[in-house]
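Spelled out from the first residue to the last, the chains are:
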Amino acid sequence: MNSIRQILIPLVILCFAAAGATVAWLTSDRPGQQPDTEAVLLEQPRLIPELQLLDHHGTYWSPERLKGQWTLVFFGFTHCPDICPETMVQMNQVHRMVQENGRVMPPSVLFVSVDPARDTPERLAEYVPYFNRNFLGVTGGEAEVVELARSMGVPVSIPDVDPGEDYEVDHGSSLTLVGPDGNIQAFFTAPHQPDQISRDFEAIVRYLGQDLGQQHAQHQ
Amino acid sequence: MRTLFLALGLLTLSLAVQAAPPVTAESPWVREAPPGSSVTAAYLDLVNQGDETITLVNVRSEEFRRAEIHETIHEDGQAKMRAVDEIAVPAEGRVELKPGGKHLMLHEPREELSVGDWAHLVLEFDNGQLLELAVPVKRRTGRDDDDDHHDHHEHRGHH
C-alpha cells in the first residue's frame with residue numbers, strides 16, 4: 001500500500017506539472033505555434049496549377065507572379081452592384097489596417113474576374129484602380145479562370161449566355177491567402193470582417209514568416 | 001389663454017403625427033458606380049411607424065433605366081444575388097438595406113452619376129404609399145478619402 005502511494009503521488013504531481021507546462025506553452029506568445037484565428041489555415045499548403053491570364057495592364061499573368069509577397073485573392077465581376085465592390089472596399093480596409101498597425105507588410109490584393117466575357121483587361125483597368133492603384137485585376141480564358149478558382153476551392157458558375165445580355169455570375173465568396181512561396185496557405189470565409197481579417201492576416205504572417213522562410217521550414 | 005395655446009399645440013402635434021407617412025426612409029445613399037460598371041445599388045433603412053406590416057413592392061428611379069429589389073445571399077460558400085419581389089417591414093419595425101444584404105439594384109444610368117450628385121427614388125408600398133426620395137451619391141472605396149466611412153453616419157456634405 002505504502003509503495004503504491006510512493007509511486008502514485010509523484011506520478012500525480014508529474015501529471016499536474018506536465019499539464020501546467022502544456023497550458024503555459026499553449027498560451028505563451030512564442031512564434032511558431034498555430035495562431036488562434038477565424039481563418040482556415042492549411043496544414044499542407046496547396047499548389048496552384050500553371051496557367052495564363054491577362055492582368056489589367058494587358059500583360060500576361062501566371063501564378064508565378066504571386067511569389068515574393070503575401071497576396072489576398074478574391075473572385076468577382078464588374079457587373080455586380082453590391083457584393084463585389086463591397087469586397088473591394090473591405091480589401092482596402094484590411095490593407096489600410098495592416099499598414100497602419102505596422103507589424104507586418106500589408107498584403108497584395110488580386111481581383112480575379114469570373115466574367116471574362118465582359119471583363120476585358122481595359123474594363124478592369126478602369127475598375128480595379130478606382131479602389132486602390134496597387135491592386136491588380138486579372139481576366140482571361142473561361143477555362144483558366146475556372147481552373148484557378150477550383151484550385152482555390154472557389155465554385156464559379158459562368159452562365160452560357162450572350163455577353164450582351166444581362167446576367168449574374170454566382171461565385172464563391174471566400175478569400176484565398178497565398179504565401180510568398182506561391183502556395184495557398186489559408187482561406188477566409190464570408191461574411192468578411194475587415195478588422196478580423198487584418199488581425200488574422202498579421203497573426204498568420206508572423207507565424208509563417210514574412211518571407212515564409214526558416215521558421216516555416218522548422219514547423220514542417 | 002395658456003391652456004388654449006397648449007391645446008392648440010397638442011392638436012397641431014397630433015395632426016402632424018397622423019399626417020406622417022407610416023413608412024419612412026433613413027440614411028439613404030447610392031453607391032457611386034466604379035468606372036466601367038453600369039450597375040450600382042441604393043441602400044437605406046425602412047422604418048415602419050404604423051401598427052401593420054407594410055411591404056415594399058416596387059422601386060424606380062428617373063436616373064436609371066431599370067431598378068429592382070435585390071438581395072445578396074451567402075449560400076454554400078457562394079455569394080448569390082437574387083431579385084426579390086418584395087421586402088416586408090414589420091409593424092413598428094425597421095429593415096436595413098445595406099452592403100452585402102438587401103439592396104435596390106440600379107441598372108444603366110441615363111447619365112454617369114458621381115459623388116455629389118443626387119438620384120431620385122420612388123418606393124411603392126402595398127398600402128399604396130409612395131415614398132419619394134432624393135438620395136446622395138456617395139463614393140465608397142475603403143480608402144481614407146471616402147466622403148463617408150460608414151453607411152449609417154450622417155452625410156457630411158459634398159466635395
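These numbers were taken from a predicted model, which means no experiment stands behind them. (Residues numbered from 1 in each chain as written. Chains lettered and ligands numbered in written order. Predicted model: local features only at pLDDT ≥ 70, side-chain atom pairs only at ≥ 80, totals over all residues.)

Undergrad: Tell me about the UniProt feature "binding site: Cu cation" (unreviewed entry) in chain A, and please be specific about residues and values.
TA: Residues and elements named next belong to chain A. In this structure's numbering, the residues bearing the UniProt feature "binding site: Cu cation" (unreviewed entry) are Cys-80, Cys-84 and His-171. Spatially, the listed residues are clustered: although they cover 92 residues, their C-alpha atoms lie within 11.1 Å of one another. Among the structural elements, Cys-80 can be located in the loop between β4 (71–76) and α2 (83–101). Counting through the fold element by element, Cys-84 comes out in helix α2. Residue class for Cys-84 comes out buried when judged on the 29 C-beta atoms lying within 10 Å of it. If we ignore the near neighbours within four places in the chain, the residues touching Cys-84 are Gly-76 and Phe-77. (UniProt positions renumbered as here; feature names shortened; annotations may be inferred. Helix = DSSP H or I, 4+ residues; strand = E, 2+ residues; numbered from the N terminus. Buried ≥ 20, exposed ≤ 12 C-beta atoms within 10 Å, placed from the backbone. Contact = placed C-beta atoms within 7 Å.)

Undergrad: Outline the sheet that holds strand β3 (residues 60–61) of chain A, supporting the account with residue identities and numerical values.
TA: Sheets are built from strands paired through backbone hydrogen bonds, the pairs being either parallel or antiparallel. All names here are of chain A. Strand order in the open sheet formed by eight strands is β1-β10-β9-β4-β5-β6-β2-β3, and the pairing between neighbours is mixed. Here the strands that pair on one side only, and so sit at the sheet edges, are β1 (40–46) and β3. Bridge count for strand β5 (residues 108–113) against strand β6 (residues 136–139) is three bridges, and the pairing is parallel. Residue pairing across strands places Val-112 opposite Val-138, the latter belonging to β6. Packing against the sheet, α2 makes contact with β4 and β5, and its axis sits at approximately 170° to β4. Relative to the sheet, helix α3 (residues 121–131) contacts β2 (53–55), β5 and β6, its axis offset from that of β6 by approximately 155°. (Pairing = 2+ DSSP bridges. Axes fitted to C-alpha atoms, helices over the stretch in contact; angles between N-to-C directions.)

Undergrad: Pulling in residues and values, what's your account of the nonpolar core?
TA: With 53 residues, the main nonpolar core has A:Val73, A:Val112, A:Val114, A:Val128, A:Ala149 and A:Leu177 as its most contacted residues. For this core, the leading source of residues is α2(A), giving seven residues. Ignoring anything within four residues of it in the chain, the contact list for A:Val114 reads A:Phe75, A:Gly76, A:Phe77, A:Val145, A:Ala149, A:Val156, A:Ile158, A:Val169 and A:His171. Formed by 28 residues, the second largest nonpolar core is a distinct cluster that contains B:Val30, B:Val59, B:Leu104 and B:Phe125. (Core = buried A, V, L, I, M, F, W, Y, C linked by C-beta atoms within 7 Å.)

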